[in-house]
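Examining the three-dimensional arrangement
The chain contents come next:
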Amino acid sequence: MTVTDANGNIVTVQQTVTVIDNEAPVLVGVPADDTVECDAIPAAAVVTATDNCDTTLSVSLSEVDGVVDGVGTITRTWSVT
């Protein structure tokens, strides 16, 4: 904002607003750990995310399959930034 008085004196005032985001996104729909038979391995869940500032979030999934001869673990990791 700039103000000029009758004598031509000018003053300028400025405000800076800094916007921050300290809250991490929240993953929704991540299933609990499970134990299943070798012929009943569930498909990966469809996981979504919410955030207080960003509405265009993309959830990624990585999977490490450690099942050998019908026994082992599958580790699924969902992430969003």
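Within each chain, residues carry numbers counting from 1 in the order of the written sequence. Reporting in this predicted model follows two pLDDT cut-offs: at least 70 for local features of residues, and 80 or more for side-chain atom pairs to be given and counted; totals over whole chains, interfaces and linings ignore these cut-offs and use all residues. Water and hydrogen atoms play no part in the side-chain values, which are based on all heavy atoms of the structure.

In this description a helix means any DSSP run of H or I spanning at least four residues, a strand means any run of E spanning at least two, and both kinds are numbered starting from the N terminus. Check the secondary structure of the protein chain and you find zero helices and six strands. Here the globule rule is a power law, 2.2 Å times the number of residues to the power 0.38, and the radius of gyration is based on C-alpha atoms. Taken against the 2.2 N^0.38 rule, which gives 12 Å for 81 residues, the C-alpha radius of gyration of the protein chain at 26 Å runs more than 25% over that of a compact globule. Seen through its C-alpha atoms, the protein chain measures out along the principal axes to roughly 90 × 20 × 15 Å. The rule is simple: take the accessible area with a 1.4 Å probe, protein chains only, and divide by the maximum for that residue type; under 20% is buried, over 50% is exposed, in between is partly exposed. The proportion of buried residues among the 81 residues of the protein chain is 5%. Any pair of residues with heavy atoms lying within 4.5 Å of one another is described as a contacting pair. In the protein chain, of all internal contacts separated by at least 6 residues, the share reaching a separation of at least 24 is 33%. Per-residue and other accessible areas were derived by the Shrake-Rupley procedure at a 1.4 Å probe size, with only the shown protein chains allowed to occlude residues. Accessible surface, the protein chain: about 6900 Å² in total, of which carbon and sulfur atoms supply 52%.

Its identity is not glycine, yet D69 carries a phi of approximately 55°, on the positive side. Along the chain, D69 falls in the loop between β5 (60-65) and β6 (74-79). Residue D69 is classed as exposed on the basis of its relative accessible area of 77%.

To continue, consider the side chain of D51. Position of D51 among the secondary structure elements: in the loop between β4 (48-50) and β5. His is not counted here, nor are the chain ends, while Lys and Arg score as positive and Asp and Glu score as negative. The working definition used for a salt bridge is a side-chain nitrogen of Lys or Arg within 4 Å of a carboxyl oxygen of Asp or Glu. R76 is the oppositely charged side chain nearest to the buried, salt-bridge-free D51, at an N-O distance of 24 Å. A polar side-chain atom of D51 sits 3.0 Å from the main-chain amide nitrogen of C53. Contact partners of D51, with chain neighbours within four places excluded, come to D21, E23, A24, P25 and L57. N or O atoms closer than or at 3.5 Å make up a polar contact, with two conditions inside protein: a donor-capable atom paired with an acceptor-capable one, and, for residues adjacent in sequence, both atoms drawn from side chains.

Like charges within 9 Å and nonpolar side chains (Val, Leu, Ile, Met, Phe, Trp, Tyr) within 5 Å are joined into patches, using only residues over 30% in relative accessible area that form no salt bridge. Residues M1, V3, V11 and V13 make up a contiguous nonpolar surface patch of roughly 410 Å² in combined accessible area. Topologically, M1 is positioned in the segment before β1 (2-4).

We now examine the confidence of the model for the protein chain. The quantity known as pLDDT measures the predictor's confidence residue by residue, on a range of 0 to 100. Scored by pLDDT, the protein chain has a mean of 95; 100% of the residues are at 70 or more. Looking over the protein chain, one finds the lowest element-wise mean pLDDT in β1, namely 90, and the highest in β6, namely 98.

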